Amino acid sequence: MKYRVLGKTNWPVSEVGYGMWGMAGWSESSDVQSARSLDLAVENGVTFFDTAWGYGEGHSEKLLGQLLRRHTTKKLYAASKIPPKNFKWPAKKSYLFEDSYPSEHIISYTEKTLKNLGRDQIDLMQFHTWDDSWSDREEWQRTIEDLKASGKIAAMGISLNRWEPENGILALKTGMLDVVQVIYNIFDQNPEDVLFPICEALNIGVIARVPFDEGTLTGAITKETTFPKDDWRASYFVPENLNSSVDHADALRPLVPELMSMAEMALRFIAMNKTVSTMIPGMRKEKNVLANSAISDGKGLPEDLYQKLKKHRWDRKPTIWSQ
């Protein structure tokens, strides 16, 4: 496993981190399976784990807390997210700051997270949604300062809305944030345009989420794929999105090198960008932990393949179903 510095925190985090959404709120999740996969990730050098209160109303956070207690001799970095007060994802320009992140709500959910983790301090807390119209509000800025001063959080970040990588730049420029989490993959390359240069200039750590485009970049989803009604993906992969996503993924198949899966190619593409501090694929199964952690070997991709993949950028606009 290779390690990169997470911006101004100066933490050496694993190049491949662990996204824990799939351990709560998705179908077929199992706590026993999750624990085995998490332990295996630690054994293979993963040190950064990202969860949220919204993942099962704290259930995923509790699983992370159990992991931390099982591995007290290793420095593992725990990150979570505060849900918006109105519990609506993603943020919209029409949502008031008071309905999203008032001070008492930030404090309350930070304390809930700490209780779920069984810790007095969390390494990284993040706003789970964001709209830049809130950026100049001093209330959230002072609250972050207070939480850091009290020792309850070590660093603070924001998670940007899907396909809106520039809707958070004003917040980053306040100097109050240490890390940004954004969708970045073969299809979603638009963070490179404005967001990544800003992060480099401000020394903001970058977490790349949704590395597999919710599964299409694994090559396993087809136009016939269906999901249980209680699975979030059932509402995301509406026919309009499913068909188009599969078409874009199919266009990549001729580029996948021999003895390499599309999923490996997708992760290696992200690793080629040195602005990214860590990526957080979901890894519910042990075989996925082994496959994903193995890509962090410093080899990346051949330059000619990388340049071909750059041409598969797919610029999309947020919709009702994109959430």
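Up top is the structure these notes are about.
(A) The arrangement of the packing of helix α3 (residues 103-117) against helix α4 (residues 138-149) in detail. Their axes nearest at 9 Å, the elements α3 and α4 cross at an angle of 35°. Crossing angle aside, the handedness with which α3 passes α4 is right-handed. Mapping the contact onto sequence places Ser103, Glu104, Ile106, Ile107 and Thr110 in α3 and Glu139, Trp140, Thr143 and Leu147 in α4. Looking at the contact of α3 with α4 residue by residue, the classes come out as 4 nonpolar, 3 polar and 2 charged.

(B) Expanded view of the packing of aromatic side chains. All told, the structure shown has 22 aromatic pairs when counted by the stated rule. Arranged with centres 5.9 Å apart and planes meeting at 20°, the rings of Trp21 and Tyr55 form a pair that is stacked. Taken together, the positions of Trp21 in the loop between β3 (18-19) and α1 (31-43) and Tyr55 in the loop between β4 (48-50) and α2 (59-70) put the pair 34 residues apart, joining distant regions of the chain. Accessibility expressed as a relative area gives 26% for Trp21, which makes it partly exposed. A connected cluster of aromatic rings, assembled from ring pairs, spans Trp21, Tyr55, Trp163, Phe227, Trp232, Tyr236, Phe237 and Trp321. One cation-aromatic arrangement involves Lys75 over Tyr77; the distance from NZ or CZ to the ring centre is 4.8 Å. Against the face of Tyr109 rests Lys112, its NZ or CZ located 5.1 Å from the ring centre.

(C) Representation of the nonpolar core within the structure. Tyr18, Phe49, Phe127, Trp140, Ile158, Ile186 and Met265 are the most contacted members of the largest nonpolar core, which has 78 residues in total. Looking at this core element by element, the count peaks at 8 residues for helix α9 (residues 262-271). Ranked by size, the runner-up nonpolar core spans 11 residues in total, among them Leu124, Ala155, Val179 and Ile207.

(D) Examining the sheet that holds strand β6 (residues 122-127) more closely. The sheet built from 8 strands is open, its strands ordered β3-β4-β5-β6-β7-β8-β9-β10 with parallel pairing. Across the chains shown, the open sheet's two edge strands, defined by having one partner strand only, are β3 and β10 (278-279). One ladder, built from 5 bridges, connects β6 with strand β7 (residues 153-159); its direction is parallel. When the sheet's bridge partners are listed, Gln126 is paired in β7 with Gly157. Sitting on the sheet, α3 touches β5 (77-82), β6 and β7, and the angle it makes with β6 is about 140°.

(E) Examining the pattern of salt bridges more closely. Following the criterion strictly, the structure yields 23 salt bridges and no others. A salt bridge links Arg313 to Asp315; the nearest nitrogen and oxygen atoms lie 2.8 Å apart. On the accessibility criterion, Arg313 (31% relative accessible area) is partly exposed. One network of salt bridges, in which partners are shared, links Lys75, Arg119 and Asp123.

What counts, and at which threshold
Residues numbered from 1 in each chain as written. Predicted model: local features only at pLDDT ≥ 70, side-chain atom pairs only at ≥ 80, totals over all residues. Heavy atoms only, no water. Axes fitted to C-alpha atoms, helices over the stretch in contact; angles between N-to-C directions. Helix = DSSP H or I, 4+ residues; strand = E, 2+ residues; numbered from the N terminus. Left-handed = near helix turned anticlockwise from the far one by under 90°. Contact = heavy atoms within 4.5 Å. Nonpolar A, V, L, I, M, F, W, Y, C, P; charged D, E, K, R; others polar. Phe/Tyr/Trp six-rings, centres within 6.5 Å; stacked < 30°, edge-to-face > 60°. Buried < 20%, exposed > 50% of the residue type's maximum accessible area, 1.4 Å probe, protein only. Lys NZ or Arg CZ within 6 Å of the ring centre and 35° of its normal. Core = buried A, V, L, I, M, F, W, Y, C linked by side-chain atoms within 4.5 Å. Pairing = 2+ DSSP bridges. Salt bridge = Lys/Arg side-chain N within 4 Å of Asp/Glu carboxyl O.

None of this, on its own, says anything about what the molecule does.
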